[in-house]
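Examining the three-dimensional arrangement
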Amino acid sequence: MSNRLDFVRFALEQGVLKFGEFKVKSGRLSPYFFNAGLFNTGRSIGQLATFYANALVDSGVVFDMLFGPAYKGISLAATTAVALGNHPKQEKDVPFAFNRKEAKDHGEGGVLVGAPLQGKVVIIDDVITAGTSVRESVEIIRQAGATPAAVLIALDRMERAGADDALSPHSAVQEVEQKYGIPVVSIASLNDIMQLLIQDNTFASYKDSVQAYRDKYGV
Ligand code: OMP
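Residues numbered from 1 in each chain as written. Predicted model: local features only at pLDDT ≥ 70, side-chain atom pairs only at ≥ 80, totals over all residues. Heavy atoms only, no water.

As for the layout of surface pockets
Put simply, the largest pocket is a space of about 970 Å³. Along the walls of the largest pocket sit 42 residues, with Lys25, Val127, Ile128, Thr129 and Ala130 positioned nearest its centre. Taken together, the elements giving at least two residues each to the lining of the largest pocket come down to strand E2 (29–34), helix H3 (72–85), strand E4 (96–104), helix H4 (132–143), strand E7 (147–156) and helix H5 (172–180). No other element matches the seven residues that H4 contributes to the lining of the largest pocket. Here the residues of the lining of the largest pocket are counted per class, giving 18 nonpolar, 12 polar and 12 charged. (1 Å grid on protein atoms, 1.4 Å probe; cavity = no way out; pocket = protein on both sides within 12 Å on 5 of 7 lines; lining within 4 Å. Points joined across faces, edges and corners; volume = space filled by probe spheres on them. Helix = DSSP H or I, 4+ residues; strand = E, 2+ residues; numbered from the N terminus. Nonpolar A, V, L, I, M, F, W, Y, C, P; charged D, E, K, R; others polar.)

Section: unusual backbone geometry
Put simply, Ala70 and Tyr71 share a cis peptide bond, and its omega is -5°. You can see Tyr71 is positioned in the loop between strand E3 (65–68) and H3. One non-glycine residue, Met158, adopts positive backbone phi at about 50°.

Quick look at empty space enclosed by the protein
One pass over the structure, following the stated rule, counts one cavity of 30 Å³ or more. The element best represented in the lining of the largest cavity is helix H1 (residues 3–13), accounting for three residues. Residue composition of the lining of the largest cavity, by class: seven nonpolar, no polar and no charged.

Side note on H4
Taking 1.5 Å as the rise per residue, H4 with 12 residues should run 16 Å; its terminal C-alpha atoms sit 17 Å apart, in good agreement. Along H4, the positions that sit buried rather than exposed are Val134, Ser137, Val138, Ile140 and Ile141. Burial along H4 is one-sided: seen end-on, the buried residues are contained in an arc of 165°. Buried residues along H4 sit in contact with E3, E4, strand E5 (110–114), strand E6 (120–124), E7 and H5. (Expected span 1.5 Å × (residues − 1). Buried < 20%, exposed > 50% of the residue type's maximum accessible area, 1.4 Å probe, protein only. Arc of directions from axis to C-beta. Contact = heavy atoms within 4.5 Å.)

Some details on the site of the ligand
Around the ligand, the surrounding shell consists of Val24, Lys25, Phe33, Phe34, Lys72, Val127, Thr129 and Arg157. In this structure, Lys25 approaches the ligand through a main-chain N or O atom, which is 2.7 Å from an oxygen atom. In the complex, the protein chains occlude 76% of the 500 Å² of accessible area that the ligand would expose alone. Spatially, the ligand is embedded in the largest pocket. Here the residues of the shell around the ligand sort into four nonpolar, one polar and three charged. (Near = heavy atom within 4 Å. Polar contact = N/O pair within 3.5 Å; in protein donor to acceptor, adjacent residues only side chain to side chain. Areas by Shrake-Rupley, 256 points an atom, 1.4 Å probe, with all protein chains shown as cover. Sits in = over half its atoms within 2 Å of the grid points.)

Remarks on the UniProt feature "binding site: orotate" (unreviewed entry) in the protein chain
Mapped onto the present numbering, the UniProt feature "binding site: orotate" (unreviewed entry) falls on Phe33, Phe34, Thr129 and Arg157. On the basis of their most widely separated C-alpha atoms, the annotated residues across 125 residues gather in one place, lying no more than 12.3 Å apart. The annotated residues that sit in the lining of the largest cavity are Phe34. Within the secondary structure, Phe33 is located in strand E2. Overall, the relative accessible area of 31% leaves Phe33 in the partly exposed class. Not counting residues within four places of it along the chain, the set of residues in contact with Phe33 comprises Val16, Leu17, Lys18, Phe22, Val24 and Arg157. Mapping Arg157 onto the fold places it in the loop between E7 and H5. Taking the relative accessible area as the measure of exposure, Arg157 reaches 16% and is therefore buried. The residues touching Arg157, leaving out its near neighbours within four places in the chain, are Val24, Ser30, Tyr32, Phe33, Leu190 and Tyr213. (UniProt positions renumbered as here; feature names shortened; annotations may be inferred.)

So, in C-alpha cells, the structure goes:
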C-alpha cells in the first residue's frame with residue numbers, strides 16, 4: 001500500500017483536492033487545487049494526521065518535537081502529535097508548540113504556546129507557496145535556541161518559482177531545502193497526483209491538462 005497514492009485518493013474523496021481551473025497565489029492557472037482547510041471534521045483531520053505521522057516516521061528524520069505556525073499549523077501540529085502518539089514505531093510522546101499571531105501582554109504572555117521549543121523541531125504546514133511561513137517559523141525556532149530539523153507538508157506541487165518570463169530552476173520547496181539546509185518531507189506530490197490520473201480512469205479527462213501544467217512549470 002502506498003501512503004502517497006492513498007493520500008491523493010483520500011484528498012479527492014474529501015473534496016480537498018479538486019480538478020478544474022484555479023487561479024493560484026502565483027497568478028498561474030492551475031488545473032488542480034489542494035485546499036487543506038477542508039479537512040474540517042474530526043475523522044478527516046484525524047486521518048490527515050495519520051498520513052502526516054506516517055510520512056514523518058517513514059522519512060527517517062530525527063526529531064524531538066513539532067511546531068505548527070498559526071493559524072493553519074495549530075490544528076496540524078496538535079493532531080499529528082496525537083497520531084505520532086499512536087504510531088507503532090514512535091516510542092516517545094511527542095511535544096508540540098505553536099505561535100500566536102499577536103503577542104499577549106498579560107497572563108503567561110509571549111507568542112509561543114505549548115511545549116517549550118527545544119531540540120530538533122519539525123515545522124508542520126499544508127503547502128509551501130512562497131516559503132514566508134517557513135521563514136518566520138525558522139526564526140522563531142532559532143530565537144528559542146532550538147534547531148529546525150525538517151518541514152513536513154501535505155502536498156508538494158513541485159513547480160518552479162518565479163514569473164513566467166523568469167522561471168527559477170528550483171521549486172519553492174527546493175529553495176527552502178537549500179536556504180535552511182533542512183529536508184522538506186511531503187505526504188504526496190504532483191508526481192503522485194499524476195500517477196493516480198494514469199492509474200484511475202475516473203479523472204482521465206484532467207490528465208492532459210495536469211501533464212501540460214507539469215511540462216510548463218514542473219521541476
Ligand atoms: P501560505 O500558508 O501563506 O503559504 O498560503 C498557502 C497558500 O497556498 C494559500 O494562499 C492557498 O490559496 C495557496 N494554495 C493552496 O492552498 N493549495 C494549492 O494547491 C495552491 C495554492 C497556491 O495558491 O499556490
